[in-house]
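# Remarks on the overall topology
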Amino acid sequence: MLYRNRALMSPDPKLDTPTRTRWSLSRLLRGGRRYALPWLSLRRWRVRLLLVGAALFAGLLAIAFAIGAELAIEAHAGVMRERPWLSLIVAPAGFAALAWVSRRFFPGTEGSGIPQAIAASLSDDGRVRKQLLSLRIAIAKVFLTLGGLLSGASIGREGPSIQIGASIMHMLASRKRHRRIASSRDLIVAGSGAGVAAAFNTPLGGIMFAIEEMCRYRAFRANSTTLTAVIFAGLMSLAVLGNYTYFGRTLATIGWPDGIWPVLLCGVVGGLLGGGFSRVLIASARGLPGRVGVIAQTQPVRFAAFCGLLTGLIGVASGGLTYGTGYAESKAALEGSAALPMAFMLMKMAVIWLAFVSRIPGGVFAPALAVGAGLGSDIAMLLPGEPDPAILVLGMVAFLAAMTQTPITSFVIVMEMTANHQMLLPLMATAVVAHGVSRSVAPVPLYHALAYPWLRRAEGRVQPPVPDTAAPSTAESTAAPATQEAPTSPLGVANAETAGNMQDMPSTARNKEGAP
């Protein structure tokens, strides 16, 4: 009898020493083989390499997108310097062409791209996710956004980069369970974080975006998948572009306790403006009032051309400051080489809204930073004793945290963009104040409020309503109105998990987003 106690799996002490040694060696070999086999499995290595390859490809596509965006902005700026009036022709024609192409050939590319990624992560239906995330949509999103920048639209590439990263990672989702790398939801979350990391060269910001925005109403479970995607997308960015910072290095800081006043002022004003602007965008997405709303619904291409004309007029009036992302203007203000006019913030908000309501592809993330820079510039005029670059950075964090209601992501991204760790505590305090004020103005977060209509439309395309086979008689219809069974979720979502996610939302979000 080799074992005296099978529960303890120990050898009989009466055995001689050679027998006990052979038993110990055989047990060690069995255990080592059990732990070594996963590392020797070709299938497991194939899964790991596919994940790494997808992350590298997402990072490479985001970097190529960033380079193309810079070239498009420079080309437009060069033409506008020579012939500023040409914007009154280029912008309307570009907006109309982009609206027509995106609606006619590439549905799902309109707008930012972040709501599409969130909507896809909320659905368990693969057909619904393909309406929002695919390689075709990702490639089209790149070229359509570049077309918008060439037209002078005030759009950003960061939201599209998130949709591109989520689309690339979602390609790895497989129906066969034994071949699955991770769940579709985890892959979408990981791809979104990789898109942020590659777009801004902010790996910590990418991870925080995946946790705080993509998993706002559910537990974050894509730990290893997100880390792998963000790390390798960041490595691709380092290999191609080097270790750069988005706005360069900003060394300005504010002292304490005198710095509490800039923090409170930027936080409160930025929270009111950011929350109000978020509410305006959400209301505009549901439909514009009056005859303008009718034209926007029935003649979207003509309405987009009108938005382009207004964008061109504002751009000419501002001397070309409101075109594009606002990156060059914000960086010049941070470096002190150029000042932003007092009306820059309001003009930038106007052109962002025009691009948003025209439904052309493009994000609002980077232009929001320019609005925050304008806010900080205006507040710095009221605080002459504080360094202007520090106030500009606080304004960026305040407006971004208020508009997106992601305070941690906002201060982490801005801190990485400026490479100024000395401003960490003021940035954190400003983000918290702005977020608290914004919640009182706009209870529903911007991107989630925009995501649920996208989810409803995608479900409507793949699951058309079934007509009733037995219509009620005329007498019955006149006697009492027919009652319909209430949908299982506020969005009419068929699957139980998506409905559960909706139930986890605050009641204000469910009430506001329940109606189509």
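In this report, the structure presented in the accompanying data block is examined. Predicted model only: the values in this text are computed from it and were never measured. (Residues numbered from 1 in each chain as written. Predicted model: local features only at pLDDT ≥ 70, side-chain atom pairs only at ≥ 80, totals over all residues. Heavy atoms only, no water.)

### What to know about the pattern of salt bridges
- Summed over all chains, the structure comprises four salt bridges.
- Here Asp124 ties to Arg185 by a salt bridge, and the two come within 3.3 Å at their closest N and O atoms. Of this pair, Asp124 sits in the loop between helix 4 (114-122) and helix 5 (126-132) while Arg185 sits in helix 8 (residues 184-200), and the two are 61 residues apart along the sequence.
- For Asp124, a relative accessible area of 36% corresponds to the partly exposed category.
- Put simply, Arg157 and Glu158 hold a salt bridge, and the shortest N to O gap is 3.8 Å.
- Taking relative accessible area as the criterion, Glu158 reaches 2% and is therefore assigned buried. (Salt bridge = Lys/Arg side-chain N within 4 Å of Asp/Glu carboxyl O. Helix = DSSP H or I, 4+ residues; strand = E, 2+ residues; numbered from the N terminus. Buried < 20%, exposed > 50% of the residue type's maximum accessible area, 1.4 Å probe, protein only.)

### Concerning the packing of helix 11 (residues 260-286) against helix 19 (residues 424-441)
- Packing of helix 11 against helix 19 leaves a shortest axis separation of 7 Å and a crossing angle of 40°. Put simply, helix 11 runs oblique to helix 19. As for how helix 11 packs across helix 19, the hand of that crossing is right-handed. From helix 11, Val263, Leu264, Cys266, Gly267, Val268, Gly271, Leu272, Gly275, Gly276 and Arg279 reach across to helix 19, where they touch Pro426, Ala429, Thr430, Val433, Ala434, Val437, Ser438 and Val441.
- Looking at side-chain class alone, the contact of helix 11 with helix 19 contains 11 nonpolar, six polar and one charged residues. (Axes fitted to C-alpha atoms, helices over the stretch in contact; angles between N-to-C directions. Parallel < 35°, antiparallel > 145°, perpendicular 65-115°, else oblique. Left-handed = near helix turned anticlockwise from the far one by under 90°. Contact = heavy atoms within 4.5 Å. Nonpolar A, V, L, I, M, F, W, Y, C, P; charged D, E, K, R; others polar.)

### Considering helix 20 (residues 446-462)
- Taking 1.5 Å of rise per residue, 17 residues should cover 24 Å, and helix 20 covers 25 Å from first to last C-alpha, within 8% of that figure.
- The buried count for helix 20 comes to 14 of 17 residues, which makes it a mostly enclosed element. (Expected span 1.5 Å × (residues − 1).)

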